[in-house]
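Here is what each chain is made of, one letter per residue.
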Amino acid sequence: MSQPSLLPRLFAGPALRGGSEPYAAHVERLGRLPAIGSGTGLIRELDASGLLGRGGAGFPVGRKWRSVAERGIGPGAVVLVNGAEGEPLSHKDRALLLLRPHLVLDGAELAAEAVGADEIVLYVGERHEAAAQSLERAVAERAKAEHGRRHAGSRAGIRLLLAPDRYVAGEESAAVHFANDADARPIVTPPRPYERGVGGLPTLVQNVESLAYVALIARHGSSWYREPGRGETRGTTLVTVTGPDGRPLVHEIELGTTIAEIARLSETPVLQDETQAVLLGGYFGRWLGAGETWDTALDPAAMKASGLSIGAGVVSFLSARTCPVVATARIADYMARQSAAQCGPCVFGLRSIAEAMIRIARVEARRDDLSNLERWAAQVRNRGACRHPDGAVGLLSSALETFGSEVSRHQRDRGCSFVEARTMAPVPLRRVA
Amino acid sequence: MMATVQLQPAHGRPLARGEIRLEVDRIACDGFGMCAELLPEIVELDDWGYPIVHSLLPKKLLPMARRAVDVCPVLALRIRQGH
Ligand SMILES: Cc1cc2nc3c(=O)[nH]c(=O)nc-3n(C[C@H](O)[C@H](O)[C@H](O)COP(=O)(O)O)c2cc1C
Ligand code: SF4
Ligand code: SF4
């Protein structure tokens, strides 16, 4: 085995343009999966690594494994590998599945062994066809290569499910619901999936990137994982970087890298004085003014202290020539339409919010639209069965803070300071009554 | 007219011993508003007619809360007590 490098880590190995790394190459490069014995050793290693979940909430991976293992060893458990990636601005999960499927499968098998799972459910967004195919091929390759031989996790059966193309389908209870009843809408919790999930068994729902890091930590150890990192949170992470022009690009960065450095990773370099704001964390995240945030380090611990989050690693730049009110209205509209339409405050609240925001963007606001928006944001928060409405109004509130003067220009003066109204959101701005 | 919106202070967190909380199943609730009529002290309705439970349940309201649980047409309410 060659000496592992500090960066890239998930994307180390053969050239990425070569596509999916075959199983034989993966094993030759990294060695076979280490035996993990009882599993508690690996869980302790994960604790020591400080690895945080990469699906958005940033929950410590080791702690989640322990909660499932405590319940699952004996009665059985399930590992649900979350590759739904419903966030429109994120591409890192499908990139990982496409290029390094065996890291994800290694992580899933280690997880199955550590928590006592008999089944691994692979849950991949139906829109991410190439990623799903790569994963399916990888499963077949392993079955063939390992035929008749025992290796870590091999007793767990594997099921591949395509997640419906909905934002909420990747929420953990929705994923479990889909695996159980082919219905990808969230269900009321508790019980949470780690208590009662797929088939009624304790279920570990883990993002694909989180699992890929586990595959490396199991081989190289937690100190190796912690080597890179500039601040309190150690390690590396995947980000999807989208500039005002050009396609989204996925990068693996050292935690603690600043927004300014990430701007240089965009397909066409992003300059600060041509940037108005940064959307951090995607449609679930926050708008931050470019000036104030340019030197912010992507360090989850430091960001948490100032109420920020890296979410699922989305960093998008809004051009200084684009109207932020229009951009926000498009996202609000998208989020309202993506509600799973089960909970009143989410269905009606997000719809009312989106319609008011669209009227403001179109400089057709009613007198009370802005004051309503603020009240509705407060009313909706914390009142859905899942966090979808919280994410949506969090973004809205950040827009009202960051773009306050442009919002009131639209609302009061019925004017817009921007000519160009092209944004990164794929939703057209419709007319609402 | 809508009063100030205060979210339930204990939302989501485990209850301390002796604390009582009225919880709404958000998926089941159809916004009939019966609960707000019976328990105006702790429940108000949002702009769309869905209940906002803004405080923990005082012990003296427990009988009324039990009634609300019974009359909710979709069985969306439950009372949870901290131990
Ligand atoms: C509305 C909503 C959508 C979500 N979509 C995804 C998703 O597409 N992929 C994902 O990994 N996690 C998603 N999550 C987070 C999951 O609920 C869960 O926290 C995560 O998969 C756990 O994995 P991790 O601990 O490795 O991050 C979503 C959460 C919410 C509230
Ligand atoms: S909060 Fe919204 S998205 Fe979540 S379950 Fe309820 S209706 Fe669906
Ligand atoms: S009585 Fe039941 S259905 Fe009606 S608003 Fe209250 S919780 Fe919802």
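Details of the structure are given in the entry above.
These lines cover the structure that appears in this document, whether it is placed above or below. (Residues numbered from 1 in each chain as written. Chains lettered and ligands numbered in written order. Predicted model: local features only at pLDDT ≥ 70, side-chain atom pairs only at ≥ 80, totals over all residues. Heavy atoms only, no water.)

**With respect to the overall build of chain A**
Reasoning step 1: Looking only at helices and strands, one finds 17 helices and nine strands in chain A.
Reasoning step 2: Computed over the C-alpha atoms, the radius of gyration of chain A is 22 Å, within 12% of the 22 Å expected from 2.2 N^0.38 for a compact globule of 433 residues.
Reasoning step 3: If one aligns the C-alpha atoms of chain A with their principal axes, the spans along those axes are about 75 × 45 × 35 Å.
Reasoning step 4: For chain A, with 433 residues in total, the buried portion stands at 58%.
Reasoning step 5: Partitioning the contacts of chain A with sequence separation of at least 6, the portion at a separation of at least 24 is 74%.
Reasoning step 6: For chain A, the centre of its 51 positive side-chain charges and the centre of its 48 negative side-chain charges are spaced 3 Å apart. (Helix = DSSP H or I, 4+ residues; strand = E, 2+ residues; numbered from the N terminus. Rg over C-alpha atoms; globule rule 2.2 N^0.38 Å. Buried < 20%, exposed > 50% of the residue type's maximum accessible area, 1.4 Å probe, protein only. Contact = heavy atoms within 4.5 Å. Lys, Arg positive; Asp, Glu negative; His and termini not counted. Charge placed at Lys NZ, Arg CZ, Asp CG, Glu CD.)

**Re helix 5 (residues 101–115) of chain A**
All names here are of chain A.
Reasoning step 1: The end-to-end C-alpha separation of helix 5 is 21 Å, in line with the 21 Å expected for 15 residues at 1.5 Å each.
Reasoning step 2: Counting buried positions along helix 5 yields 15 of 15 residues, so the element is predominantly enclosed.
Reasoning step 3: Looking at the residues trailing helix 5, positive phi occurs at Gly116, about 80°. (Expected span 1.5 Å × (residues − 1).)

**Focus: the site of ligand 1**
All names here are of chain A.
Reasoning step 1: Close contacts around ligand 1 come from 18 residues, with Gly55, Glu172, Gln206, Asn207 and Ser210 the closest.
Reasoning step 2: Residue Asn82 places a side-chain N or O atom 2.9 Å away from an oxygen atom belonging to ligand 1.
Reasoning step 3: Protein chains bury 90% of the 610 Å² of accessible surface belonging to ligand 1 in isolation.
Reasoning step 4: In terms of residues, the shell around ligand 1 owes the most to one element, strand 4 (residues 203–207), which gives three residues.
Reasoning step 5: Looking at the shell around ligand 1 residue by residue, the classes come out as four nonpolar, eight polar and six charged. (Near = heavy atom within 4 Å. Polar contact = N/O pair within 3.5 Å; in protein donor to acceptor, adjacent residues only side chain to side chain. Areas by Shrake-Rupley, 256 points an atom, 1.4 Å probe, with all protein chains shown as cover. Nonpolar A, V, L, I, M, F, W, Y, C, P; charged D, E, K, R; others polar.)

**Brief notes about the packing of helix 4 (residues 92–99) of chain A against helix 8 (residues 208–220) of chain A**
Residue and element names in this part refer to chain A.
Reasoning step 1: As a packed pair, helix 4 and helix 8 sit with axes 9 Å apart at the nearest point and diverge in direction by 45°. When the interaxial angle is binned, helix 4 and helix 8 end up oblique. Within the contact between the two elements, helix 4 uses Lys92, Asp93, Leu96 and Leu97 and helix 8 uses Val208, Glu209 and Ala212.
Reasoning step 2: Of the residues belonging to the contact of helix 4 with helix 8, the class tally is four nonpolar, no polar and three charged. (Axes fitted to C-alpha atoms, helices over the stretch in contact; angles between N-to-C directions. Parallel < 35°, antiparallel > 145°, perpendicular 65-115°, else oblique.)

**Focus: the layout of surface pockets**
Residues and elements named next belong to chain A.
Reasoning step 1: Considering only enclosed or pocket space, the second largest pocket measures out at about 370 Å³ in volume.
Reasoning step 2: Around the second largest pocket, the lining is made up of 16 residues, and of these His91, Arg94, Ala95, Leu98 and Val250 lie nearest the centre.
Reasoning step 3: Where the lining of the second largest pocket is concerned, the elements lending two or more residues are helix 4, helix 6 (129–145) and strand 6 (249–254).
Reasoning step 4: Element by element, the count of residues in the lining of the second largest pocket is highest for helix 4, at four residues.
Reasoning step 5: Residue classes in the lining of the second largest pocket are distributed as ten nonpolar, two polar and four charged. (1 Å grid on protein atoms, 1.4 Å probe; cavity = no way out; pocket = protein on both sides within 12 Å on 5 of 7 lines; lining within 4 Å. Points joined across faces, edges and corners; volume = space filled by probe spheres on them.)

**Some thoughts on the site of ligand 3**
Reasoning step 1: Surrounding ligand 3, one finds Cys29, Asp30, Gly31, Phe32, Gly33, Met34, Cys35, Pro51, Cys72, Val74 and Leu77 of chain B.
Reasoning step 2: When grouped by side-chain class, the residues that make up the shell around ligand 3 number eight nonpolar, two polar and one charged.

**Topic: the interface of chain B and chain A**
Reasoning step 1: If you look at the interface, chain B gives 14 residues, while chain A gives 22 residues.
Reasoning step 2: Buried surface at the junction of chain B and chain A, both sides included, amounts to about 1600 Å², of which 62% is carbon and sulfur.
Reasoning step 3: Applying the counting rule to chain B against chain A returns two salt bridges.
Reasoning step 4: Put simply, Asp46 of chain B and Arg383 of chain A hold a salt bridge, and the shortest N to O gap is 3.0 Å.
Reasoning step 5: Its residues placed into classes, the side of chain B that touches chain A shows eight nonpolar, one polar and five charged. (Buried area = accessible area lost by both parts, 1.4 Å probe. Salt bridge = Lys/Arg side-chain N within 4 Å of Asp/Glu carboxyl O.)

**Side note on the state of the cysteines**
Residues and elements named next belong to chain A.
Reasoning step 1: The tally for this structure, following the rule as stated, stands at zero disulfides over all chains.
Reasoning step 2: The thiol sulfur of Cys416 is not disulfide-bonded, and the nearest other cysteine sulfur, from Cys323, lies at 3.7 Å.
Reasoning step 3: The exposure class of Cys416 is partly exposed, given its relative accessible area of 31%. (Disulfide = S-S within 2.5 Å.)

**As for the sheet that holds strand 1 (residues 77–83) of chain A**
Residues and elements named next belong to chain A.
Reasoning step 1: The strand order across the open sheet formed by four strands is 3-2-1-4, and the pairing between neighbours is parallel. Edge positions in the open sheet fall to strand 3 (157–163) and strand 4, since each of these has one partner strand only. Taking the axes of each pair of neighbouring strands and ignoring which way they run, one obtains an average angle of 20° across the sheet.
Reasoning step 2: As paired elements, strand 2 (residues 117–125) and strand 3 share seven bridges and run parallel to each other. When the bridges of strand 3 are listed, Tyr123 appears paired with Leu161.
Reasoning step 3: Where helix 5 meets the sheet, it contacts strand 1, strand 2 and strand 4, and its direction lies at approximately 155° from that of strand 1. (Pairing = 2+ DSSP bridges.)

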